[in-house]
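# Coordinates in review
The primary structure of each chain is shown beneath.
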Amino acid sequence: MTKSLFDSFDEVSAKQWKQKIQFDLKGADYNEALIYKSLEGIDVKPFYHQEDLQGIKNDISHSSLWKNSIRIEVDTTKSGNKRALEAIKKGAESIFFIIEKENIDPKNLLAGITAKTPVFFETKFLSLSYVEKLTKISKTANLDIHILTDIIGNLATTGNWHTTLQKDFATLDEITKLDKYLKSSISIDVDLYQNAGATMIQQLAYALAHANEYLNYFNAKEINPFKNTPILFKVAVGGNYFFEIAKLRALRLLWKTLAKAYGVLEECHIVAYPSHRNKTILDYNVNMLRTTTECMSAILGGANTIYNIPYDDIYNLENDFGTRISLNQLLILKNESYFTIVKNPASGSYYIETLTDQLAEKALSLFKNIEEGGGYLNQLKSGIIQKKIKESATKEQELFDNEQIILTGTNKYKNTEEMYPALQKPIVTQKNVGKTLLNPIIKRRLSSFIEKKLQ
């Protein structure tokens, strides 16, 4: 047997590495010069060593066989079906439908789609009859159908229940009785928190507390809604590459911990997509680079399903070019980047494993504080969660305004000769003028203030 090349070198401890770095700094302060202070309160070191993994056991197991998807906002049944079938022909492995109105016929919408293509339904309404129709189709055609039902997420987003608390939960009860024919029926919209400016620790803690409200409710009724179907987390992925990988891994760890306490399925399904928060209409082609790295974070972080957003999604209506490019980005990552060859590719990385552990630990601590403060719904109704997210968003906005957070072509390296694109969508969040039970959590993009000045 040949001698390993590495046997020729002496082991170097973390202490020795740090001493060498301090010597090379020639008197400069190590902590000031090389330690990065993140928004999450995690100090990022200039190097990581095997010693950093001592005491860390991130028990994460997931398949690397992620599926790419395409998001389709359904205007009409006919057009939605046509776009879905065209996307499948072009390489989409699953379809993510967003249904605004109940008059969209699910049977005709799903015509021609086979069992090998998972289909996700996110409805902007709560309807037992609509879920019953989907359940019947799933049963008779043996389709792989996921339904995203999140009545608490709707409350956080709009400030209102669909009807009332009691009626919404009663409808949810009936929906969960149908889930033996569905791949998922209850979802947690974690993307709301990210797009509103919450830190990653807040995103994870609120996701856990959000899910815990459902678990508490069903546990009190001695019902296990996750006996046959896993919970689904819909997550927005931002531009902090390694942190976002660790965020998704930490989410699996946290759910597993919570699920064990309730005796429910420890498995969860993560649907991930690039965030809107760091997208811009200034030098908008750079959005393609942002969505590419964010999809990579989702893959390496272990998302089960990933859909991309077109580079012009924030200002342009759905169009063939933007949609085609967004799908092609995923196809390249799927077929030319070898990301599917290694199971759990981030496992063993000193840096990512350490980040995963720290994010999970800090999020779990915040989750416990939320529960001690009365739980997610109580803090949402009292405005505490909205206040905390706003504080984090304001801090991030200040860093962006001072060019400490950089969006190339927007707040730095601006193209002064760039033509402003034609706007087919409003780029500023529209305020809800209707009466609400509580203040909703508002999604905001970092560049919206700069863009508004240029209009």
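Quick caveat: nothing in here was measured; it's all calculated off a predicted structure.

### A word on the overall build of the chain
Secondary structure assignment for the chain yields 16 helices and ten strands. On C-alpha atoms alone, the chain measures out to a radius of gyration of 23 Å, which is about the 23 Å that the 2.2 N^0.38 rule sets for 455 residues. For the chain, the spread of C-alpha atoms along the principal axes amounts to about 70 × 60 × 55 Å. A buried classification covers 52% of the 455 residues belonging to the chain. When contacts within the chain are restricted to residue pairs at least 6 apart in sequence, those whose partners lie at least 24 apart make up 78%. Taken as a whole, the chain presents about 22,600 Å² of accessible surface, with 51% of it coming from carbon and sulfur. Put simply, the chain has 57 plus and 53 minus side-chain charges, and the middle of one group is 3 Å from the middle of the other.

### Some points on the packing of helix 9 (residues 200–220) against helix 10 (residues 241–262)
Interhelical geometry of helix 9 versus helix 10 gives an angle of 25 degrees and a closest axis separation of 10 Å. As judged from the angle between their axes, helix 9 and helix 10 are roughly parallel. As helix 9 runs across helix 10, the sense of the crossing is right-handed. Contacts from M200, Q203, L204, A207, L208, A211, N212, L215, N216 and N219 in helix 9 reach F243, E244, K247, A250, L251, L254, W255, L258 and Y262 in helix 10.

### Brief notes about empty space enclosed by the protein
Per the counting criterion, the structure on display carries three cavities of 30 Å³ or more. The volume enclosed by the largest cavity comes to roughly 70 Å³. Taken together, F121, T123, F125, L126, S127, Y130, V131, L134, I147, T149 and I175 form the lining of the largest cavity. Secondary structure elements with two or more residues in the lining of the largest cavity: strand 5 (119–123), helix 5 (128–141) and strand 6 (145–149). Of the residues forming the lining of the largest cavity, the biggest block, three residues, is contributed by helix 5. Taken together, the residues that form the lining of the largest cavity break down as eight nonpolar, three polar and no charged.

### Comments concerning the environment of W66
Mapped onto the secondary structure, W66 falls in the loop between strand 2 (43–44) and strand 3 (67–74). Distance in space between the C-alpha atoms of W66 and T305 is 5.6 Å, their sequence separation being 239 residues.

### Digging into the layout of surface pockets
Of the pockets and cavities examined, the second largest pocket occupies roughly 730 Å³. Among the secondary structure elements, those contributing two or more residues to the lining of the second largest pocket are strand 1 (36–37), helix 9, helix 11 (286–301) and helix 15 (384–401). For the lining of the second largest pocket, a count of residues per class yields eleven nonpolar, 13 polar and eight charged.

### Some remarks on the pattern of salt bridges
Side-chain pairs of opposite charge can arise where the charged atoms are in close proximity. Overall, the coordinates contain 18 salt bridges when judged by the stated rule. Among the ionic pairs, E93 bridges to K334, the shortest N-O distance being 3.4 Å. Of the two residues, E93 sits in the loop between helix 3 (77–89) and strand 4 (94–99) while K334 sits in helix 12 (residues 320–335), which places them 241 residues apart along the sequence. Taking the relative accessible area as the measure of exposure, E93 reaches 22% and is therefore partly exposed. Take K334: its relative accessible area is 15%, and that puts it in the buried class. D173 is paired through a salt bridge with K221; the nearest N and O atoms lie 2.6 Å apart. Residue D173 is found in helix 7 (residues 165–176), and its partner K221 is found in the loop between helix 9 and strand 8 (231–237); the two are separated by 48 residues along the sequence.

### Side note on the side chain of S127
Mapped onto the elements of the fold, S127 is located in the loop between strand 5 and helix 5. Looking at S127, its side chain comes within polar contact range of the main-chain nitrogen of Y130, at 3.1 Å.

### A few points about the sheet that holds strand 4
Taken in spatial order, the eight strands of this closed barrel run 3-4-5-6-7-8-9-10, and their pairing is parallel. Each adjacent strand pair in this sheet contributes to an overall mean axis angle of 30 degrees, direction not counted. Both strand 7 (residues 184–189) and strand 8 contribute to a ladder of three bridges, which runs parallel. Paired with I188 across the two strands is F233, which belongs to strand 8. Strands in contact with helix 7 are strand 6 and strand 7; relative to strand 7, the strand with the most contacts, it is inclined by about 135 degrees. Packing of helix 12 onto the sheet brings it into contact with strand 3 and strand 10 (305–307), and relative to strand 3 it is tilted by some 165 degrees.

### Brief notes about a negative patch on the surface
A cluster of acidic residues, D75, E86, E100, E318 and D320, forms a negative patch at the surface. Residue position: E318 is located in the loop between strand 10 and helix 12. Take E318: its relative accessible area is 45%, and that puts it in the partly exposed class.

### Here we look at the packing of aromatic side chains
One pass over the structure, following the stated rule, counts 19 aromatic pairs. Taken together, a centroid distance of 5.9 Å and an interplanar angle of 20 degrees make the contact between F96 and F120 stacked. Here the residue F96 occupies a position in strand 4, and F120 occupies one in strand 5, the gap between them amounting to 24 residues. Assessed through its relative accessible area of 0%, F96 is described here as buried.

Calculation criteria
Residues numbered from 1 in each chain as written. Predicted model: local features only at pLDDT ≥ 70, side-chain atom pairs only at ≥ 80, totals over all residues. Heavy atoms only, no water. Helix = DSSP H or I, 4+ residues; strand = E, 2+ residues; numbered from the N terminus. Rg over C-alpha atoms; globule rule 2.2 N^0.38 Å. Buried < 20%, exposed > 50% of the residue type's maximum accessible area, 1.4 Å probe, protein only. Contact = heavy atoms within 4.5 Å. Areas by Shrake-Rupley, 256 points an atom, 1.4 Å probe, with all protein chains shown as cover. Lys, Arg positive; Asp, Glu negative; His and termini not counted. Charge placed at Lys NZ, Arg CZ, Asp CG, Glu CD. Axes fitted to C-alpha atoms, helices over the stretch in contact; angles between N-to-C directions. Parallel < 35°, antiparallel > 145°, perpendicular 65-115°, else oblique. Left-handed = near helix turned anticlockwise from the far one by under 90°. 1 Å grid on protein atoms, 1.4 Å probe; cavity = no way out; pocket = protein on both sides within 12 Å on 5 of 7 lines; lining within 4 Å. Points joined across faces, edges and corners; volume = space filled by probe spheres on them. Nonpolar A, V, L, I, M, F, W, Y, C, P; charged D, E, K, R; others polar. Salt bridge = Lys/Arg side-chain N within 4 Å of Asp/Glu carboxyl O. Polar contact = N/O pair within 3.5 Å; in protein donor to acceptor, adjacent residues only side chain to side chain. Pairing = 2+ DSSP bridges. Patch = residues over 30% accessible without salt bridge, like charges linked within 9 Å, V, L, I, M, F, W, Y side chains within 5 Å. Phe/Tyr/Trp six-rings, centres within 6.5 Å; stacked < 30°, edge-to-face > 60°.

Any functional reading would require information that these geometric values do not contain.
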